[in-house]
Structures are given as structure tokens and as C-alpha cells.
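Structural characterization, general
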Amino acid sequence: MYYLYTIIASLVSFLVLKWMKKRKYYIDSKRLDGKTVIITGGNSGIGKETAVALATRGARVIIACRDVEKTEKAVREIKFKSHSLNVLHMELDLANLRSVREFCKKFLQAEKRLDILINNAGMPSILDWTDDGFSMCFGVNHLGHFLLTNLLLPRLKECSPSRVVTLTCSIYKYQKLDFQDLNYNLLPFFTYCRSKLANIYFSQELAHITEGKGVTSYAVHPGFVRSGWTCHYSFLFRMLMEAVMRMFFLSCEVGAQTVVYCAVSDEAAKHSGGYFVDCRAANLRPFARDAGVAKKLWEASERLVN
């Protein structure tokens, strides 16, 4: 009887895990020939899989990362998997606003088009500071992408219809922004939550200010994905999380599906400012839909990056 219970429990556990990891695949083969895409953090994880998917569709893909050696290797792998030679690397450090400005200057001089901007790079829950004195999570996850998007926005408008896809996370719901302390950097998990909430407000306000101007904006929760984010932590934590991620987390390829959906799908284009999960629009908590807070964050961010 013991063995029967063990078998039943194992089967139930297997089915539960399979259900938890069940996600939609975006299978539309819509082409992107002649389109130019920037993907921040595209040298690994979700960003790398997104790059493969978009390059396969014919897009010119620019991987914007700071680690030159790692990114050049990733570019070769993306080219091989996508059967496309139209993939290249440009150096960008989102923890340094000067680097963001230099990247945009070089890009605008070298490239005539920008059709899709994917704000994918992110810093996990760590307590550190950017070169400009911002908390690492808020500085990289929000402010770096805020400045990047604003500097590239004129080119996006010129190439309309164009899209901006910003990755966020469902854990936004565990914190609210404190405008007296946007640079909060005390508890790692909370500072990460706030940066992901800022991503949502940013995406909404971007959709508002570009309404009718040919640019659409989307916030994407890709799911909890088995990627390289644990590299910022201790060896013991990495080993523990590797076991957890193998059981419960999604693959990077699966995690990239909603990003690709928002970058390509005609259906997604109807929902600018929306929050997407599993290749469909999803609901946000009421406080995360506050247009007044989104506008206030935008104005505060403008002051911080200037």
C-alpha cells in the first residue's frame, strides 16, 4: 500500500508541476524583414531567446549589453540558431547614464531605423549602487531604460508604427512607490518589487504620451524563468535556487513567448499600455493602474536623469 501511495503522490506532483509550467507558445510566423530591434540584456536568458525569435523572422537585431566578450559569444550563437547574419552587439551599461547617452548617440548615427525596443535587461534583488548614485534595482531596471527610451523616442516615432516592450514581474503587487524615497535600498526584495512597479507605470505613461503618434507600449510579466540571475548571489544560494528553478520555473524559451507576442502580434497592438502575461492581456491591481502616479513617476524620473 505504501508503494501505491508513493506512486500516486509522485504522479500528482508531476501533473501539478506540469500544470504550473504550462504556457502558450506564440506560433505566428509574421515576418519582420526591414525592421530594426534593440534588446537590452540580450546576451542571455529571455533576451537571448527573444533575439533568436526576432532574428529568425528577419529583423535586424542589436544586442545592447555591457559585457563585450559574453555578448560577442551570444551574438554568434544567436546567428547560428536563427540562421541570420543580421545580429550585432553595441555596448551599453544601464547602471551608467553616460553610457546610455553614448549608446544612443552611436546608435542614432549608425542606424536609420528603430522599430522595436525591448527593455529586457534587469538587476535582481541586490543592494548596490549605480555609477550615478541610484539604487541598483531602481537605477538599472527603471531609470536606465527610462532615459534610453526617451532618447530613442524620436526615432521610434519616425519609424512608426513602432513598439516598446518593457519586462516587469508580477511581484510588483507587494510594494508601492514612496516618492519621498524613490531611491529606497534597504530590503533587497522590496527594492526589486518597487523597480518592477516602476516599469509598469513607465509603460503606461509612455503609452499615454505617445497615443496617436504611432508608438505603442507594453509591460510583460514573462513568468518565473530559469535564467542566470542567481549569478549575483553566493554559491550556496545558487545551488539551492537551481534545484527550485528546475522544478518550478519556466525555460527561457517559454519565458520569451509573451515578449515576442507583444513585439510582433497584431492583436497586442490594440492594447497599448497593457500588462501582458502568457500571451494575453492581464489585470493589474488597482493601485498599479493609477494614471496620476504614473505621470508623477515620469516627471520625477525626468528630473533624476537630467
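Provided above is the structure to which this section pertains.
Here, residues in each chain are numbered from 1, in the same order as that chain's written sequence. With pLDDT at 70 or above as the cut-off, local features in this predicted model cover only qualifying residues; side-chain atom pairs require 80 or more to be listed or tallied, and sums for whole chains, interfaces and linings still use all residues. No hydrogens and no water enter the side-chain calculation; it runs on all heavy atoms of the structure.

1. Things to note about the pairing of strand E6 (residues 215–221)
We count it as follows: Here the term buried applies to any residue with accessible area under 20% of the maximum for its type, exposed to any over 50%, and partly exposed to those in between, with areas from a 1.4 Å probe on protein chains only. Where helices and strands are cited, they refer to DSSP runs of H or I of at least four residues and of E of at least two residues respectively, numbered from the N terminus. Whether two strands pair depends on DSSP finding at least two bridges between them. For crossovers, right-handed means that the path from the first strand over the helix to the second runs clockwise, given strands pointing away from the viewer.
Where burial is concerned, most of E6 is hidden: seven out of the seven residues are buried. One ladder, built from six bridges, connects strand E5 (residues 162–167) with E6; its direction is parallel. Bridge assignment links Ser162 to a residue of E6, and that residue is Val215. What joins E5 to E6 is helix H6 (residues 188–209), and the crossover it makes is right-handed.

2. Comments concerning the sheet that holds strand E4 (residues 116–119)
As a reminder, the rule being used: To obtain an axis, a line is fitted to C-alpha atoms, over the contacting stretch when the element is a helix, and the angle between two such axes runs from 0 to 180 degrees between their N-to-C directions.
Sheet architecture is open: eight strands sit in the order E3-E2-E1-E4-E5-E6-E7-E8, paired in mixed fashion. Because the sheet does not close on itself, it has two edges, and the strands there are strand E3 (87–91) and strand E8 (280–282). The sheet shows a mean angle of 30° between the axes of neighbouring strands, taken without regard to direction. Of the strand pairs in this sheet, E6 and strand E7 (residues 274–277) are connected by four bridges, and their pairing is parallel.

3. Focus on the packing of helix H2 (residues 45–56) against helix H9 (residues 257–264)
What counts is decided by this rule: We call two directions roughly parallel when the angle between them is under 35 degrees, roughly antiparallel when it is over 145, roughly perpendicular when it lies between 65 and 115, and oblique otherwise. Crossing handedness follows the turn of the near helix against the far one: under a right angle anticlockwise gives a left-handed crossing, and clockwise gives a right-handed one. Working rule for contacts: check all heavy atoms of both residues, and any pair within 4.5 Å makes them a contact. Three residue categories are used. Nonpolar comprises Ala, Val, Leu, Ile, Met, Phe, Trp, Tyr, Cys and Pro, charged comprises Asp, Glu, Lys and Arg, and polar comprises the others, including Gly.
Taken N-terminus to C-terminus, the directions of H2 and H9 make an angle of 45°; their axes are 9 Å apart at the nearest point. Comparing their axes, H9 and H2 come out oblique. In the crossing of H2 with H9, the sense of the turn from one axis to the other is right-handed. Contacts between H2 and H9 involve Ile46, Thr50, Ala53 and Leu54 on the former and, on the latter, Val259, Val260 and Val264. Classifying every residue of the contact of H2 with H9 by side-chain character gives six nonpolar, one polar and no charged.

4. What about the packing of H2 against helix H3 (residues 68–82)?
Where H2 meets H3, the axes come as close as 9 Å, and the angle between the chain directions of the two elements is 45°. Between H2 and H3, the angle is such that the two are oblique. Crossing of H2 against H3: the hand is right-handed. Of the residues in H3, those in contact with Lys48, Glu49, Ala51, Val52, Ala55 and Thr56 of H2 are Ala74, Glu77, Ile78, Lys81 and Ser82. A per-class count over the contact of H2 with H3 returns five nonpolar, two polar and four charged.

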